[in-house]
Number of protein chains: 2
Amino acid sequence: MSTNLISSYKKLMEKTKDIIVFASSEAIVHWDMETMMPPKAISLRSQQLSLLSRLEHQMSTSPEIGKLIQEITHSKDYDKLDAIQKRNVYLIKKHYDEQTKLPEELVAETAKQQAITIDTWKKAKAAKNYNMFKPELEKLLELRKKAAEILMEVKETATPYDALIDIFEPKMTAKEITRVFNELREGLVSILKKCEKAPNQPDTSILQRKIPIDIQRKIAVALSEAVGYDVTSKTAGGRIDETEHPFTTGYYDDVRITTHYFEEMFASSIFSVLHEAGHAMYEQNLNPEWMYQPVGNACSSGFHESQSRMIENIVGRSREFWTYFLPKLKELAGKTLADIALDKFVHAINQVKPSKIRVEADEVTYGLHIIVRFNIERDLFANKCTVKELPEIWNQRYKDYLGVKIENDSEGVMQDTHWASGYFGYFPSYALGNIYSGQILEVMNRDLPNWKTQLTKGNFKETKQWLIKNVHAHGNLFDPADLIKKITGKELTVKPYLSYLNEKYSKLYGF
Amino acid sequence: MSTNLISSYKKLMEKTKDIIVFASSEAIVHWDMETMMPPKAISLRSQQLSLLSRLEHQMSTSPEIGKLIQEITHSKDYDKLDAIQKRNVYLIKKHYDEQTKLPEELVAETAKQQAITIDTWKKAKAAKNYNMFKPELEKLLELRKKAAEILMEVKETATPYDALIDIFEPKMTAKEITRVFNELREGLVSILKKCEKAPNQPDTSILQRKIPIDIQRKIAVALSEAVGYDVTSKTAGGRIDETEHPFTTGYYDDVRITTHYFEEMFASSIFSVLHEAGHAMYEQNLNPEWMYQPVGNACSSGFHESQSRMIENIVGRSREFWTYFLPKLKELAGKTLADIALDKFVHAINQVKPSKIRVEADEVTYGLHIIVRFNIERDLFANKCTVKELPEIWNQRYKDYLGVKIENDSEGVMQDTHWASGYFGYFPSYALGNIYSGQILEVMNRDLPNWKTQLTKGNFKETKQWLIKNVHAHGNLFDPADLIKKITGKELTVKPYLSYLNEKYSKLYGF
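Scoring rules and cut-offs
Residues numbered from 1 in each chain as written. Chains lettered and ligands numbered in written order. Predicted model: local features only at pLDDT ≥ 70, side-chain atom pairs only at ≥ 80, totals over all residues. Heavy atoms only, no water. Contact = heavy atoms within 4.5 Å. Buried area = accessible area lost by both parts, 1.4 Å probe. Salt bridge = Lys/Arg side-chain N within 4 Å of Asp/Glu carboxyl O. Polar contact = N/O pair within 3.5 Å; in protein donor to acceptor, adjacent residues only side chain to side chain. Helix = DSSP H or I, 4+ residues; strand = E, 2+ residues; numbered from the N terminus. Nonpolar A, V, L, I, M, F, W, Y, C, P; charged D, E, K, R; others polar. Domains from an automatic or database assignment. Pairing = 2+ DSSP bridges. Axes fitted to C-alpha atoms, helices over the stretch in contact; angles between N-to-C directions. Buried < 20%, exposed > 50% of the residue type's maximum accessible area, 1.4 Å probe, protein only. Phe/Tyr/Trp six-rings, centres within 6.5 Å; stacked < 30°, edge-to-face > 60°. Lys NZ or Arg CZ within 6 Å of the ring centre and 35° of its normal. Expected span 1.5 Å × (residues − 1). Core = buried A, V, L, I, M, F, W, Y, C linked by side-chain atoms within 4.5 Å. Least-squares fit on C-alpha atoms with pLDDT ≥ 70 in both. Lys, Arg positive; Asp, Glu negative; His and termini not counted.

**Considerations on the interface of chain B and chain A**
Interface size is commonly expressed as the accessible area that is lost once the parts come together.
Item 1. Taken together, the 38 residues of chain B in the interface contact 38 residues of chain A.
Item 2. Across the chain B/chain A interface, buried area totals approximately 3100 Å², and carbon plus sulfur atoms make up 61% of it.
Item 3. For the pair chain B and chain A, the interface holds eight salt bridges.
Item 4. Linking chain B with chain A are 14 residue pairs in polar contact (both at pLDDT 80 or more), by the criterion used here.
Item 5. Elements that contribute at least two residues to the side of chain B that touches chain A include exactly α1 (3-35), α2 (42-60) and β3 (254-259) of chain B.
Item 6. Per-element tally for the side of chain B that touches chain A: the top contributor is α1(B), with ten residues.
Item 7. Of the residues that constitute the side of chain B that touches chain A, the class distribution is 19 nonpolar, eight polar and eleven charged.

Below is the structure:
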């Protein structure tokens with residue numbers, strides 16, 4: 001390899017390390033805002049975050065980075081870089097091209113409009129008034145359409161919407177998503193109907209028993225430790241705090257989750273902790289040799305969801321997990337849950353019931369909520385529908401797909417923050433995550449036939465190691481389509497996920 | 001005023017705002033390390049902090065700032081700037097000149113040696129082995145001497161040591177400090193002797209009664225609210241957390257304190273909370289119109305100490321404060337403190353007793369600890385003594401000044417972290433703070449003759465407002481010598497502080 005190439009690559013990686021370390025510091029400041037910040041600090045904090053994001057943008061788009069990329073990709077020795085080095089250069093170039101192609105005014109205007117739209121969304125949601133929200137959403141959509149047009153050129157995608165999907169799920173397309181979502185929908189509806197008709201229905205009243213918040217905090221810690229997310233030891237790289245909307249943030253040795261506690265809904269924090277712990281363990285167990293390199297990031301939002309939903313649902317809502325953990329839960333909760341039988345509990349936490357709110361949906365209906373949103377997004381960006389028509393379309397789809405009647409737009413089209421935040425293209429990740437998790441589970445069942453038996457004994461170590469080796473440690477070395485192939489030997493397919501659901505729910509509901 | 005001058009000043013202030021906002025973000029990341037960070041994150045965090053400090057240095061020394069300073073100070077219209085604008089330019093120029101004159105290698109080498117010296121200090125202190133510490137301290141001292149030589153040129157001080165003092169106490173000199181410290185020492189020793197001879201000695205055993213930590217946390221909140229440091233309301237701009245060594249950090253609307261709790265030493269957290277609350281209120285109540293400007297900072301380390309020690313000692317150890325707060329304390333502590341009489345309690349928390357450890361010292365002997373350190377620092381930088389001789393000199397001075405025998409260097413010369421951290425020039429601030437607080441008290445007694453009566457009723461509002469108006473709101477508009485003159489009409493003098501001590505302790509000890 002020529003000394004020039006080596007030296008340019010080294011310089012590029014140093015600059016990239018700075019950007020990564022900088023972004024991880026920004027994440028701390030952001031986390032602090034959500035969890036610890038005194039209320040009076042809000043205006044100072046918005047100044048701090050806006051400065052940090054401006055500086056990060058400057059760092060990522062500095063002409064020096066452009067020059068180094070140019071030197072490397074045009075070097076006659078380029079092919080002597082190894083696969084990891086090439087991937088690093090590819091990821092840096094992709095980010096650089098996108099960031100430099102978006103006009104600064106558009107970025108600034110979008111950030112401003114985002115803040116306005118989120119604020120208006122909160123007010124409109126409280127007032128159950130879509131008309132209040134509509135004009136701001138229209139403006140934000142126009143800005144995202146402009147960005148999508150520009151990104152389509154850079155990313156060479158077939159459509160503007162594909163360019164937005166690519167931000168969260170690289171190389172994925174609306175066409176491919178449509179194909180798998182159609183199959184997914186058919187499968188989910190079929191299982192849903194069987195569950196609804198089954199005579200064996202769960203008693204969910206046990207989940208409304210009051211558990212004091214301080215006990216729920218102890219349960220959260222015990223749960224996270226049970227799945228291997230360390231928040232208590234002297235070498236812990238995580239912690240659990242409280243926010244209205246649970247989230248995960250951090251980098252490698254410092255990945256934190258949040259949850260919320262409701263006295264009369266103890267299961268809510270249980271599954272949010274397991275979900276976020278799944279996200280956190282993915283971030284913590286990326287290949288340590290790749291720390292501070294672009295390959296040392298997660299693969300995609302969909303893969304992230306595959307890991308969170310794996311821990312939350314496939315592990316966390318399994319009979320095997322609760323065989324081990326229900327006695328622990330009873331011990332922590334005292335008398336309140338003493339009389340609950342394992343089977344009744346497991347059925348209760350796996351109730352299948354169409355609902356209006358995505359975040360409260362069960363495993364079977366969850367995908368239908370996502371498909372509604374994806375179809376609308378795709379049509380919005382193809383100019384097949386308008387912001388004005390959203391409530392009508394939304395309500396009709398909920399009737400068709402889930403059989404529920406939306407009474408007002410706050411429990412309908414305005415329920416999620418994603419569109420108000422301009423995150424068009426994100427929603428598919430959730431369902432893709434489920435699909436990936438089904439495919440990964442199929443291989444895991446083959447490689448570790450014993451994992452569920454071990455789980456009943458509280459032994460999750462080997463399973464966690466398998467996930468680390470087969471999923472987490474690959475970091476961002478592959479695009480999602482290549483990673484799922486690498487892990488499972490197969491292309492994207494909904495079949496394993498549907499088989500998993502079918503098997504699980506036929507047992508629970510007796511169909 | 002010429003448009004050029006206006007535009008240059010505006011640009012300079014924008015760049016300065018960025019630096020201030022950036023530094024306040026850095027402070028959050030630093031605070032997080034001390035309070036919230038998962039233990040595994042330590043190496044990542046040191047990368048983050050070192051990057052942020054490098055970027056801050058780049059921002060403060062950017063050639064553009066130099067150019068703008070040049071344009072402004074050389075403008076024919078310079079004199080048309082008002083006093084505040086001139087002070088801003090002066091402070092920015094001073095910082096810029098210092099930062100640009102220090103060679104980057106020296107800064108980097110010092111940072112590295114600091115980390116090594118602190119680490120070695122911890123180990124040497126645990127091993128009670130000064131010889132282990134000595135070589136690293138020698139290296140760090142040499143680096144600080146080099147920096148002091150350079151800063152002496154820039155700051156035009158008489159000696160290198162004066163240049164270091166100037167970092168913490170602008171324009172103050174070792175000569176002036178020597179003058180006031182000689183007088184201070186004489187006064188303190190005289191009061192100490194009277195206390196020691198007095199028949200009326202306190203019973204401090206009541207301070208060893210066990211108070212559970214969770215109760216102490218509630219006491220801390222009640223105390224901070226009592227002096228007007230808000231940590232609970234919906235508009236609170238502060239919070240209390242726990243660290244081994246208490247500290248205050250933050251900016252205007254987000255100023256946080258930390259404390260430590262010991263079950264069998266409840267007074268420890270009481271006075272550390274009051275001390276830090278004093279620091280915090282100073283930062284919170286700087287002139288809000290000056291936020292993001294250099295004048296919107298505290299005046300000096302000495303003035304900071306004047307405010308913390310005012311709240312901790314002059315207010316917080318007064319009979320009047322405890323007339324109000326002792327019943328509250330008893331209520332919170334339950335039976336444990338029920339039988340304690342006000343007079344006994346007030347005498348116990350004001351026990352005067354020579355000791356070896358500075359941070360445990362009472363109001364009377366505290367200054368003597370500082371004078372020992374100042375004299376040694378001054379002699380070190382004047383090459384009148386060496387690092388090798390420190391233990392011998394230290395122990396002799398403790399015998400002479402305080403009459404105590406140092407058994408080993410861990411309770412002697414190695415007790416504090418300041419020298420291991422390279423903070424030569426800082427120690428005098430502590431005693432200067434006491435001296436300032438005495439002068440400020442004298443004026444406060446004149447302006448608000450009723451303040452102590454109000455304090456017995458738990459009404460501290462008017463006193464706090466007086467401190468805000470007369471001290472905090474001046475920010476960094478004046479150097480300390482000018483500020484004390486502005487507030488009190490007098491030059492620096494130890495007399496009011498010694499009068500305060502004399503009056504207080506003659507009553508307590510009956511001499």
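Back to the write-up after that little detour.
**Brief notes about the domain arrangement of chain A**
Residue and element names in this part refer to chain A.
Item 1. Taken as a whole, chain A is organised into domain 1 (3-123) and domain 2 (175-509).
Item 2. Here domain 1 and domain 2 have C-alpha centroids that lie 29 Å from each other.
Item 3. Between domain 1 and domain 2 the total buried area reaches about 2100 Å² when both faces are included, carbon and sulfur atoms providing 67% of it.
Item 4. Of all residues in domain 1, the largest losses of buried area upon contact with domain 2 belong to Trp 31, Arg 87 and Trp 121, amounting jointly to 33% of the total for that side.
Item 5. Scanning the region where domain 1 abuts domain 2 turns up one salt bridge.
Item 6. Put simply, domain 1 and domain 2 have nine residue pairs in polar contact (both at pLDDT 80 or more) between them.

**So, the sheet that holds β3(B)**
Residue and element names in this part refer to chain B.
Item 1. The sheet built from three strands is open, its strands ordered β1-β3-β2 with mixed pairing. Sheet topology places β1 (240-242) and β2 (248-251) at the edges, where each strand pairs with a single neighbour. On average, each strand axis in the sheet is inclined to that of its neighbour by 25 degrees, with strand direction left out of account.

**A word on the pattern of salt bridges**
Item 1. Counted according to the given criterion, the structure contains 74 salt bridges over all chains.
Item 2. Residues B:Arg358 and B:Asp416 are paired through a salt bridge, measuring 3.0 Å at the closest nitrogen-oxygen approach. Of this pair, B:Arg358 sits in the loop between α13 (342-348) and α14 (363-381) while B:Asp416 sits in the loop between α15 (390-402) and α16 (428-447), and the two are 58 residues apart along the sequence.
Item 3. The class of B:Asp416 is buried, set by a relative accessible area of 10%.
Item 4. Among the ionic contacts, a cluster of salt bridges with common partners joins A:Asp32, A:Arg45, B:Asp254 and B:Arg256.

**Observations regarding the packing of aromatic side chains**
Given two aromatic rings, their pairing is described by the distance between the two centres and the angle made by the two planes.
Item 1. Scanning the entire structure with this criterion turns up 47 aromatic pairs over all chains.
Item 2. Seen from their ring centres, A:Trp419 and A:Phe427 are 6.0 Å apart, and the 85 degrees between their planes marks the pair as edge-to-face. With respect to class, A:Trp419 is no different from A:Phe427; both count as buried.
Item 3. For the pair B:Tyr426 and B:Tyr430, a centre-to-centre distance of 5.2 Å together with 75 degrees between the ring planes defines the contact as edge-to-face. Across this residue pair, the class does not change: B:Tyr426 and B:Tyr430 are buried.
Item 4. Sitting over the ring of A:Phe271, A:Arg317 keeps its end group 3.8 Å from the ring centre.

**Concerning helix α4 (residues 83-101) of chain A**
Residues and elements named next belong to chain A.
Item 1. Given a rise of 1.5 Å per residue, 19 residues ought to cover 27 Å, and the 27 Å separating the end C-alpha atoms of α4 matches this to within 8%.
Item 2. When we look at burial in α4, the residues that qualify are Gln 85, Arg 87, Asn 88, Val 89, Leu 91, Ile 92, Lys 94, Tyr 96, Asp 97 and Glu 98.
Item 3. Each element contacted by the buried residues of α4 is listed here: α1 (3-35), α2 (42-60), α3 (63-73), α6 (130-155) and α7 (160-168).
Item 4. For α4, the capping residue at the N-terminal end is Asp 82, with a side-chain oxygen 3.1 Å from the backbone nitrogen of Ile 84.

**Some details on the sheet that holds strand β3 (residues 254-259) of chain A**
Residue and element names in this part refer to chain A.
Item 1. Within the open sheet, the three strands sit side by side as β1-β3-β2. Their pairing is mixed. At either margin of the open sheet sits one strand with a lone partner, and together these are β1 (240-242) and β2 (248-251). The sheet shows a mean angle of 25 degrees between the axes of neighbouring strands, taken without regard to direction.
Item 2. Judged from the three bridges that link them, β1 and β3 form a sheet pairing that is parallel. Across the sheet, the residue bridging to Asp 241 is Thr 258, located in β3.

**Concerning the nonpolar core**
Item 1. Counting residues in hydrophobic clusters, the biggest one holds 323 residues, and the most contacted among them are A:Phe181, A:Trp322, B:Phe181 and B:Trp322.
Item 2. Setting aside chain neighbours within four positions, we find B:Trp322 in contact with B:Ile270, B:Phe271, B:Gly316, B:Arg317, B:Pro327, B:Leu329, B:Leu342, B:Phe345, B:Val346 and B:Ile349.

**A short note on the relation of the copies chain B and chain A**
Item 1. For the pair chain B and chain A, the superposition axis carries a translation of 0.1 Å, the fit reaches an RMSD of 0.1 Å, and the rotation angle comes to 179 degrees. In short, the pair behaves as if placed about a two-fold rotation axis. Every residue of chain B has its C-alpha some distance from the rotation axis, and the shortest such distance is that of B:Val29, at 3.4 Å.
Item 2. The overlap is high: 100% of the interface residues of chain B also sit at the interface in chain A, so the same surface is used on both sides.

**Some thoughts on the side chain of B:Glu276**
Residues and elements named next belong to chain B.
Item 1. Tracing the sequence through the fold places Glu 276 in helix α10 (residues 266-284).
Item 2. Buried and unpaired, Glu 276 has no salt bridge, with Arg 309 as the nearest side chain of opposite charge at 9.1 Å.
Item 3. A distance of 2.6 Å separates polar atoms of two side chains, one belonging to Glu 276 and the other to Thr 248.
Item 4. In contact with Glu 276, not counting residues within four places along its chain, are Pro 246, Phe 247, Thr 248, Ile 257 and Thr 258.

**Let's talk about the pairing of β3(A)**
Residues and elements named next belong to chain A.
Item 1. Most of β3 is tucked away: six of the six residues are buried.
Item 2. Both faces of β3 are covered, namely the face carrying Asp 254, Arg 256 and Thr 258 and the face carrying Val 255, Ile 257 and Thr 259.
Item 3. Taking the residues between adjacent antiparallel strands as the criterion, β2 and β3 are bridged by two residues, where Tyr 252 takes a positive phi near 45 degrees.

**Regarding the pairing of β2(B)**
All names here are of chain B.
Item 1. Only one face of β2 is covered, namely the face carrying Thr 249 and Tyr 251; the face carrying Thr 248 and Gly 250 is uncovered.
Item 2. Two elements, β2 and β3, share four bridges in a ladder whose sense is antiparallel. Considered in β3, the bridge of Thr 248 is made with Ile 257.

**Some details on unusual backbone geometry**
Item 1. The backbone phi angle of A:Tyr292 is positive, close to 70 degrees, even though this residue is not glycine.
Item 2. Its place among the elements puts A:Tyr292 in the loop between α10 (266-284) and α11 (301-315).
Item 3. Residue A:Tyr292 is classed as buried on the basis of its relative accessible area, which comes to 11%.
Item 4. Backbone geometry at B:Tyr252 places phi at a positive 45 degrees, although glycine is not the residue there.
Item 5. By the element assignment, B:Tyr252 lies in the loop between β2 and β3.

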